[in-house]
Amino acid sequence: MSDTKITIQETTNDTIIKYNSNTILINGGSYEFNNIDEAKNSPLAQQLFYLPFVKKVFVTANFIAIQRFDIVQWIDVQEEVKEQIEAYLNAGNVVVNEQKTSKKEAVEVYAEVTPNPAVMKFGTNKALTQTDVEFKNIDEANTSSPLAQAIFNFPFVKEVFISDNYISITKYDMVEWNEVYGEVRSFIREYLAEGKIIIKELPKQEAVTSDNAIEVVPEVALEGISAQIVDILDEYIKPAVAGDGGNIAFRSFDEKNKVVSVVLQGACSGCPSSTATLKNGIENLLKEMLPNQINEVVAING
């Protein structure tokens, strides 16, 4: 039996609720089922459709989203559904019977420069992950991502960041990107085309403390100002910085001093323009959208 924990997350659509998992459910991509017949390759989705209020089921690598019919409200049934999903997963049952085929998948990979000269962004037409993951070395990747681990076999790779449909790679100064990006792009394309595992386990969330030590940050349900900050970052900031191969992740909010702490990831980490983005972009936006609630935004790793 596995030790899967499910947490409930509301969405902007009151008919849809997300059940987040602390373990990987499928190997990248996503599946959407509109009825029990469409769900024939997903035993879990089929089981959920036996609940009379389930309208649609959406399965990703680390969450299951369910849309309900109007015959019930989620507040009345969400806990029972959570318990059902948790019990199903902890019994070791299959979420989706992902089709195995010898035919390679048609995958496109393109390389883009970023504002950080040490980082190259490799975008793809394949969904990679629903949760951003970052690895500082091959040991971190070893327990979590076979793809990142394989990328670290290139001797010039310093860090790997995987998000939505792209991978940002930070290099050491021993080479220039124009000398190696073609080889890396071909490797990633071949890896994804063969359907190999992208992420097998979500890494524990970590944060850098003031003395540069690493501490594990437990997952907690956010509420109040913290939840509003995360919503703003997701809607306005993440799409903008993702275009440049980076991410700015929320870590904490000091209510007393009104200070927001974030972590710079991917191309944002070590980028010469990250300070300007942090102060002129994110800090000003949060102050404008949350008046009198924010004094400062700081990066705990920058």
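Residues numbered from 1 in each chain as written. Predicted model: local features only at pLDDT ≥ 70, side-chain atom pairs only at ≥ 80, totals over all residues. Heavy atoms only, no water.

1. Examining the overall build of the protein chain
We apply this condition: Counting from the N terminus, the helices are the DSSP runs of H or I reaching at least four residues and the strands are the DSSP runs of E reaching at least two. Categorising residues by exposure relies on relative accessible area from a 1.4 Å probe, with only protein chains included: less than 20% of the type maximum marks a residue as buried, more than 50% marks it as exposed, and the intermediate range marks it as partly exposed. We call two residues in contact when some of their heavy atoms are within 4.5 Å. Shrake-Rupley sampling with a 1.4 Å probe provides the accessible areas, and residues are treated as covered by the protein chains on show and by no other component.
Scanning the protein chain for helices and strands turns up seven helices and 15 strands. Buried residues in the protein chain amount to 47% of all 302 residues. The long-range fraction of contacts in the protein chain, counting pairs at least 24 apart against all pairs at least 6 apart in sequence, stands at 59%. Total accessible area computed for the protein chain in this model is approximately 15,900 Å², and 47% of it derives from carbon and sulfur atoms.

2. Here's the deal with the side chain of Thr 114
The condition is simple: The term polar contact refers here to a pair of N or O atoms within 3.5 Å; inside protein, the definition further demands a hydrogen-donor-capable atom paired with an acceptor-capable atom, and it admits residues adjacent in sequence only when both atoms are side-chain atoms.
Examined against the element boundaries, Thr 114 turns out to sit in the loop between strand S6 (109-113) and strand S7 (119-124). Within polar-contact distance, the side chain of Thr 114 engages the backbone oxygen of Asn 116 at 2.9 Å. Among the polar contacts listed, one links the side chain of Thr 114 to the backbone oxygen of Val 119, at a separation of 3.0 Å. Ignoring sequence-local partners within four residues, the contact set of Thr 114 consists of Val 119, Met 120, Lys 121, Asp 244 and Ala 267.

3. Brief notes about the pairing of strand S14 (residues 259-266)
Threshold: Strands were regarded as paired on the criterion that DSSP finds at least two bridges between them.
For S14, a buried count of eight out of eight residues is recorded, marking the element as mostly surrounded by other parts of the structure. Here strand S13 (residues 246-254) folds back onto S14 in antiparallel fashion, the turn holding four residues, of which Lys 258 has a positive phi close to 60°. Alignment of S14 against strand S15 (residues 296-299), held across four bridges, turns out to be parallel. In the sheet register, Ser 261 faces S15, and the bridge partner there is Val 298.

4. Examining the side chain of Lys 121
For Lys 121, the position within the fold is in strand S7. On the accessibility criterion, Lys 121 (8% relative accessible area) is buried. A polar contact is formed between the side chain of Lys 121 and the backbone oxygen of Ala 242, at a distance of 3.0 Å.

5. Structural notes on the packing of aromatic side chains
The test is simple: Aromatic rings from Phe, Tyr and Trp, with only the six-membered ring used for Trp, were paired whenever their centres fell within 6.5 Å, and each pair was classed as stacked if the ring planes differed by under 30 degrees, edge-to-face if by over 60, and tilted otherwise. By definition, being over a ring means that NZ of Lys or CZ of Arg is both within 6 Å of the ring centre and within 35 degrees of the ring normal.
Applying the stated criterion to the full structure yields 10 aromatic pairs. Look at Phe 161 and Tyr 166: their rings are 6.3 Å apart centre to centre, the planes differ by 55°, and that puts the pair in the tilted class. Assessed through its relative accessible area of 1%, Phe 161 is described here as buried. We classify Tyr 166 as buried; its relative accessible area is 3%. Among the aromatic residues, ring-to-ring pairing joins Phe 122, Phe 154, Phe 156, Trp 177, Phe 187 and Tyr 191 into one connected group. A cation sits over an aromatic face here: Lys 18 above Phe 63, 4.1 Å from the ring centre. Stacked on the ring of Tyr 166, the Lys or Arg Lys 121 has its end atom at 4.8 Å from the ring centre.

6. Concerning helix H2 (residues 74-90)
To keep it simple, the criterion reads: Any helix carries an expected span of 1.5 Å times its number of residues minus one.
Between its first and last C-alpha, H2 extends 23 Å over 17 residues, near the 24 Å set by a 1.5 Å rise per residue. For H2, the full list of buried residues reads Trp 74, Val 77, Gln 78, Val 81, Ile 85, Glu 86, Tyr 88, Leu 89 and Asn 90. Directly after H2, the chain includes Gly 92, whose backbone phi takes a positive value near 80°.

7. Quick notes on unusual backbone geometry
Phi is positive for Asp 164, close to 20°, though the residue is something other than glycine. Relative to the helices and strands, Asp 164 resides in the loop between strand S9 (157-163) and strand S10 (166-171). Residue classification places Asp 164 among the partly exposed residues on the basis of a relative accessible area of 32%. Phi is positive for Lys 258, close to 60°, though the residue is something other than glycine. Relative to the assigned elements, Lys 258 resides in the loop between S13 and S14.

8. Some thoughts on helix H7 (residues 274-289)
Here H7 contains 16 residues, and its C-alpha end-to-end distance of 21 Å stays within 8% of the 22 Å for a straight helix at 1.5 Å per residue. Where H7 is buried, its residues contact helix H6 (224-242), S13, S14 and S15.

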